[in-house]
Amino acid sequence: MKFCKQCGEQVGNQVKFCKSCGTELQPEEQTLKAKKPINTKKLFIILSTSIMLLAAILVGGCFFAKSQFGKKAQIEEFKTAIQNGDTKRLTEILTAENITSDYYERFITYFVDKPDQLERFISEVETEMIEGEDASMFIDLQEQEKILYLFPQYQYQVQPVEVSASANFERTNIHIPDYESVQIEEPGEIIHITLLPDEYNITFTHDEIYGNYSKTVELNFWESNAKELEAAIQFDGNVVELTSNYPEAALFINGEAQAETIADTKQYGPVTYDGTTTFQGMLDLPWDTYYTDEVAITDSSQETISLDFEQVEKDIKHNVYDRIGKHTYEWVQAYRNKSINALSVMRNQDYLDKTSDNFDRMDAEESNFNGDIEQIRIDNGSFSFMNNDGQYQASVIAELQFYSGYYETGHRDELNRSRDQYYWEYQFEYDPHHQDWFIVDSKELSDFETKDIIVY
């Protein structure tokens, strides 16, 4: 369908005049122009070239941006800033709580002077940044904004380290440059000091009750590659050695019982020389409790303190020697009566059995004993005493001199006495139930062992 250009009436396609106004209608021109064929090969080349050019620009730009803002570039910038001593740049990328300008200077100086350690340090940071491993002991990476939405930027946060400091003197001052001094209040007390990783000279000083002392400990966290180091010092002097003839005895210091024995302690310090430090030993034995004399420290020449229990051995000797005397008296009575019931001190069953057999033989032979003990001599130098896991044992050699003889029943007038001497080594053991010493073994000898002889 078409329309009259004069009046706008709709008319048929083949009508030549408008029925409404009579205007002659012109035939519609058909101007179909033939389209030229498109050169697809040329178009492909153009498009491909454009895409490749754009890709090259993008890849090149990406590589350039990465070389400027990527992780390796940041690591290299960090390393260069250290090597060049660029404090200004380091203050922008190296951070820590309470970090000071002096720390930056020491940080730079240390790694510039030690390139090998710088390489290790940078390598660890690089491993942590690129591979995501927790490789750096002292640096924590803090991600900041991204450049071009692709390249995150990092700050290097220095992690704190710790020194565990202790000294054997109370009221010892600890001084670390650029840090506040602290004091150890008690001997052996451990003070934990938080620092930034560095190399430090830690000085311990004491100018109090023990005199004037000073010691310096060098610590290097970079070289040790550790987050905690120990600085424990022992000031020489003001230490005493403790000895005792009974080292298992309990120890009292300044009147207070210690958890350790004299043997466990061996050394004690520091001590003062004003008489306020005292030592005493206590030995608790089943038959008595013994104390040594209290020893006060009044002079620096008192390097060894002897806590000897002199009365212990005296008491044991007295008791043991008494038992030898009683046993000898009982022996005389036993032979007179031909009965082992009189032998209360002797507990050696083999000895008792042989003695009983001897009495049976005397009865069979109608033999009788008559005599007395004239003298007992003790080899005092042979005496020994030991504590064998709670069993208290002693031994000593004794010479027994008898004036005695034997006679046949009914012929006492034929008694012929003689003086005889016998050497016996007696082994004693203390019985806590009966609270006394008993002979558990004996052996006949030919003579004394030492020349320290006493007449008992």
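Quantities reported herein were computed from a predicted structural model and do not represent experimental measurements. (Residues numbered from 1 in each chain as written. Predicted model: local features only at pLDDT ≥ 70, side-chain atom pairs only at ≥ 80, totals over all residues. Heavy atoms only, no water.)

Undergrad: How do you make sense of the sheet that holds strand 20 (residues 304–306) when you look at a structure like this?
TA: Sheet strands pair via backbone hydrogen bonds, and the direction of the pair is either parallel or antiparallel. The mixed open sheet is built from three strands, whose spatial order is 16-13-20. Single-partner strands in this sheet number two, and they are strand 16 (267–268) and strand 20. Pairing analysis gives three bridges linking strand 13 (residues 240–243) to strand 20, with the strands arranged parallel. When the sheet's bridge partners are listed, Leu-242 is paired in strand 20 with Ile-305. (Pairing = 2+ DSSP bridges. Helix = DSSP H or I, 4+ residues; strand = E, 2+ residues; numbered from the N terminus.)

Undergrad: Whenever I open this one, the packing of aromatic side chains confuses me. Can you help?
TA: The description of two aromatic rings rests on the distance between their centres and on the angle between their planes. What the rule picks out here adds up to 39 aromatic pairs. On the numbers, 5.7 Å between centres and 75° between planes, the contact of Phe-121 with Trp-222 is edge-to-face. Placement of the pair is Phe-121 in helix 5 (residues 115–131) and Trp-222 in helix 6 (residues 221–224), with a sequence separation of 101 residues. For Phe-121, a relative accessible area of 3% puts it in the buried group. Ring geometry for Trp-287 and Phe-385: centres 6.3 Å apart, planes at 80°, overall edge-to-face. You can see Trp-287 sitting in the loop between strand 17 (278–285) and strand 18 (288–291) and its partner Phe-385 sitting in strand 21 (residues 367–388), a full 98 residues away along the chain. One exposure class covers both Trp-287 and Phe-385, and it is buried. Ring-pair connections join several aromatic residues into one group, and the members of that group are Phe-78, Tyr-103, Phe-107, Tyr-110, Phe-111, Phe-121, Phe-138, Tyr-156 and Trp-222. Over the ring of Phe-438 we find Arg-323, and its NZ or CZ is 4.8 Å from the ring centre. (Phe/Tyr/Trp six-rings, centres within 6.5 Å; stacked < 30°, edge-to-face > 60°. Buried < 20%, exposed > 50% of the residue type's maximum accessible area, 1.4 Å probe, protein only. Lys NZ or Arg CZ within 6 Å of the ring centre and 35° of its normal.)

Undergrad: Explain the sheet that holds strand 23 (residues 418–431) to me, please; I cannot follow it from the model alone.
TA: One open sheet accounts for five strands, arranged 24-23-22-21-25; its pairing is antiparallel. The outermost strands of the open sheet, each flanked by one partner alone, are strand 24 (436–445) and strand 25 (453–455). Within the sheet, the average angular offset between the axes of one strand and its neighbour, ignoring direction, is 35°. The sheet contact formed by strand 21 and strand 22 (residues 391–408) spans 17 bridges and is antiparallel. Note on strand 22: the bridge partner recorded for Ser-367 is Glu-408. Helix 8 (residues 310–337) contacts strand 21, strand 22, strand 23, strand 24 and strand 25 of the sheet and is inclined by roughly 155° relative to strand 21. Docked against the sheet, helix 9 (residues 349–365) engages strand 21, strand 22 and strand 24, running at close to 170° with respect to strand 21. (Axes fitted to C-alpha atoms, helices over the stretch in contact; angles between N-to-C directions. Contact = heavy atoms within 4.5 Å.)

Undergrad: Could you clarify how one ought to interpret the nonpolar core in this entry?
TA: Soluble globular proteins tend to pack their nonpolar side chains together in the buried interior. Counting residues in hydrophobic clusters, the biggest one holds 50 residues, and the most contacted among them are Phe-279, Trp-287, Ile-316, Ile-324 and Trp-437. When neighbours within four sequence positions are excluded, Ile-324 is seen to be in contact with Ile-376, Ile-378, Val-396, Ala-398, Leu-400, Tyr-426 and Phe-428. In this structure, Phe-111, Phe-169, Leu-195 and Phe-204 belong to the second largest nonpolar core, which totals 49 residues. (Core = buried A, V, L, I, M, F, W, Y, C linked by side-chain atoms within 4.5 Å.)

Undergrad: What am I meant to see in the side chain of Ser-382 here?
TA: Looking at the element boundaries, Ser-382 is found in strand 21. Residue class for Ser-382 comes out buried when judged on its relative accessible area of 13%. Only 3.0 Å separates the side chain of Ser-382 from the backbone nitrogen of Ile-397, close enough to count as a polar contact. The residues contacting Ser-382, other than those within four sequence positions of it, are Ser-395, Val-396, Ile-397, Glu-449 and Thr-450. (Polar contact = N/O pair within 3.5 Å; in protein donor to acceptor, adjacent residues only side chain to side chain.)

Undergrad: When you look at the side chain of Lys-338 in this model, what are you seeing that I'm missing?
TA: Here Lys-338 lies in the loop between helix 8 and helix 9. A polar contact of 3.3 Å, which involves the side chain of Lys-338, links it to the side chain of Asn-368. In this view, Lys-338 contacts Phe-359, Met-362, Asp-363, Ser-367 and Asn-368; residues no more than four positions away in its chain are not counted.

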